[in-house]
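Below, each chain spelled out in residue letters.
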Amino acid sequence: DQQVKQNSPSLSVQEGRISILNCDYTNSMFDYFLWYKKYPAEGPTFLISISSIKDKNEDGRFTVFLNKSAKHLSLHIVPSQPGDSAVYFCAADPNTGFQKLVFGTGTRLLVSP
Amino acid sequence: SQTIHQWPATLVQPVGSPLSLECTVEGTSNPNLYWYRQAAGRGLQLLFYSVGIGQISSEVPQNLSASRPQDRQFILSSKKLLLSDSGFYLCTWSNSGPYYEQYFGPGTRLTVT
């Protein structure tokens, strides 16, 4: 069963516009959420996180929103840049104390000039 | 600063051969260590995690095993590889405790032929 879902496998956006990547989860025990960015043939790099006690966290051009009632989180990138083109994974921590992250399948973002 | 190393970067092995992938972390002590696998077209799947030397927890029954002989060394092994073991293997580390992000190594691309 897919506890963390990224239903859009790909997204294309023009440079300068907003990119919105979505993630849904089913396990109400998840209490910490993370976004990672991955380039081909490299390990993912951490972008931004949010705990369940917040509904928004911002870091520069990246903002993550959490809607607990809908079990939905989103990553906003404003403005989008060509260097943002990568695969983005959302991940959730089920609060076991061991950070056993559950990852979505990823969304490939393409930002065109 | 902390650094995580993985080797080899790529590996092609025949079915039935053994496997040993190594991961080491620098610049931190007593980290939590994790092995993930990304199969083609799939998300990241947690395979093993370790909270200390000699302490290994397995998440998915499979043909693989893990060991942690030293504080900052994590090894993924198999006695006999299967075709289904092909994938991109990623080692991560994090600080102990909740609400810490995990940092990924560069990964090993394993192809079993």
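Here's what I pulled together on the structure shown here. (Residues numbered from 1 in each chain as written. Chains lettered and ligands numbered in written order. Predicted model: local features only at pLDDT ≥ 70, side-chain atom pairs only at ≥ 80, totals over all residues. Heavy atoms only, no water.)

1. Observations concerning the overall build of chain B
The line we're drawing: Each helix is a run of H or I in the DSSP string that is no shorter than four residues. Each strand is a run of E no shorter than two, and both are numbered from the N terminus. Each radius of gyration is computed over the set of C-alpha atoms, and the globule rule expresses the reference value as 2.2 Å times the number of residues to the power 0.38. What makes two residues a contact is simply this: any of their non-hydrogen atoms within 4.5 Å. Charge convention: Lys and Arg are scored as positive, Asp and Glu as negative, and His as well as the terminal groups of each chain are ignored. Where a charge lies is defined by one atom per residue type, namely NZ (Lys), CZ (Arg), CG (Asp) and CD (Glu).
Along the backbone of chain B there are zero helices and 11 strands. Helices (α) and strands (β) of chain B occur, in sequence order from the N terminus, as β-β-β-β-β-β-β-β-β-β-β. Computed over its C-alpha atoms, the radius of gyration of chain B comes to 13 Å, within 12% of the 13 Å expected for a compact globule of 113 residues. Pairs at least 24 apart in sequence give 54% of the contacts found in chain B among residues at least 6 apart. Positive and negative charge centroids in chain B, built from 7 and 6 side chains respectively, lie 10 Å apart.

2. Considering the state of the cysteines
What counts is decided by this rule: Cysteine sulfur atoms that pair up within 2.5 Å are treated as a disulfide.
Applying the stated rule across the entire model yields two disulfides over all chains. Two residues share a disulfide in this structure: cysteine 23 of chain A and cysteine 90 of chain A, whose sulfurs sit 1.9 Å from each other. With the S-S dihedral at roughly 55 degrees, the linkage between cysteine 23 of chain A and cysteine 90 of chain A falls on the right-handed side. Residue cysteine 23 of chain A is found in strand 3 (residues 19-25), and its partner cysteine 90 of chain A is found in strand 9 (residues 86-93); the two are separated by 67 residues along the sequence. One disulfide bridge connects cysteine 23 of chain B with cysteine 91 of chain B, the sulfur atoms lying 2.0 Å from each other. Note on the cysteine 23 of chain B and cysteine 91 of chain B pair: the S-S dihedral is about -70 degrees, so by sign convention the disulfide is left-handed. With cysteine 23 of chain B in strand 3 (residues 19-26) and cysteine 91 of chain B in strand 9 (residues 87-94), this residue pair connects regions lying 68 residues apart in the sequence.

3. Section: the layout of surface pockets
The cut-off we apply is this: Cavity and pocket criteria rest on a 1 Å grid covering protein atoms alone: a 1.4 Å probe that fits but cannot get out defines a cavity, protein on both sides within 12 Å along at least 5 of 7 lines defines an open pocket, and an atom within 4 Å of a point defines a lining residue. Grid points are joined across faces, edges and corners, and a volume is the space filled by probe spheres set on the points. When residue character is reported, Ala, Val, Leu, Ile, Met, Phe, Trp, Tyr, Cys and Pro are called nonpolar, Asp, Glu, Lys and Arg charged, and the others, Gly included, polar.
The space that makes up the largest pocket amounts to roughly 580 Å³. Lining of the largest pocket is provided by 22 residues; of these, Val102 and Phe103 of chain A together with Leu44, Gln45 and Leu46 of chain B occupy positions nearest its centre. Mapped onto the lining of the largest pocket, the elements with two or more residues apiece are strand 10 (102-103) of chain A together with strand 5 (44-52) of chain B. In terms of residues, the lining of the largest pocket owes the most to one element, strand 5 of chain B, which gives three residues. Its residues assigned to classes, the lining of the largest pocket shows 10 nonpolar, seven polar and five charged. Of the volumes computed, that of the second largest pocket is approximately 290 Å³. Taken together, 18 residues line the second largest pocket, and the ones lying closest to its centre are Val87, Phe89 and Arg108 of chain A together with Gln38 and Arg42 of chain B. Sorting the residues of the lining of the second largest pocket by element identifies strand 9 and strand 11 (107-112) of chain A as the ones contributing at least two each.

4. Quick word on the pairing of strand 7 (residues 65-70) of chain B
Residue and element names in this part refer to chain B. In plain terms, the rule: Two strands pair under a simple rule: DSSP has to find at least two bridges between them.
Taken together, the four bridges between strand 7 and strand 8 (residues 73-78) define a ladder with antiparallel strand orientation. Following the sheet pairing, serine 65 is matched in strand 8 by serine 77. Where strand 7 hands over to strand 8, the hairpin turn is made up of two residues, counted between the paired strands.

5. Structural notes on the environment of leucine 90 of chain B
Let me state the cut-off plainly: Exposure is judged per residue with a 1.4 Å probe applied to protein chains only, and the accessible area is read against the type maximum: over 50% gives exposed, under 20% gives buried, and values in between give partly exposed.
Along the chain, leucine 90 of chain B turns up in strand 9. Exposure remark for leucine 90 of chain B: the relative accessible area of 0% places this residue in the buried category. Beyond its immediate chain neighbours, meaning those up to four positions away, leucine 90 of chain B contacts Gly43 and Pro44 of chain A together with Gln6, Tyr34, Trp35, Tyr36, Leu44, Phe104, Gly105, Pro106 and Gly107 of chain B.

6. As for the packing of aromatic side chains
Keep this limit in mind: Side-chain rings of Phe, Tyr and Trp (the six-membered ring for Trp) are treated as a pair once their centres are within 6.5 Å; stacked means planes under 30 degrees apart, edge-to-face means over 60, and tilted covers the remaining angles.
Applying the stated rule across the entire model yields 15 aromatic pairs over all chains. Both rings, one in phenylalanine 30 of chain A and one in phenylalanine 33 of chain A, keep their centres 6.4 Å apart while their planes meet at 80 degrees; by these two values the pair is edge-to-face. Overall, the relative accessible area of 3% leaves phenylalanine 30 of chain A in the buried class. Aromatic rings pair up to connect Tyr36, Phe46, Phe89, Phe98 and Phe103 of chain A together with Tyr34, Tyr36, Tyr49 and Phe104 of chain B into one cluster.

7. Concerning the nonpolar core
All names here are of chain A. What counts is decided by this rule: Buried Ala, Val, Leu, Ile, Met, Phe, Trp, Tyr and Cys residues that are joined via side-chain atoms within 4.5 Å together make up what is termed a nonpolar core.
Counting 23 residues, the largest nonpolar core has Phe33, Trp35, Leu73, Leu75 and Tyr88 as its most contacted members. Sorting the residues of this core by element identifies strand 3, strand 4 (32-38), strand 5 (45-51), strand 7 (62-67), strand 8 (72-77), strand 9 and strand 11 as the ones contributing at least two each. When residues of this core are assigned to their parent elements, the largest contribution, four residues, is made by strand 9. Sequence-distant contacts of phenylalanine 33, defined by excluding residues within four places in its chain, comprise Tyr25, Ile48, Ser49, Ile50, Leu66, Leu73, Ala91 and Ala92.

Honestly, it's all geometry; don't read function into it.
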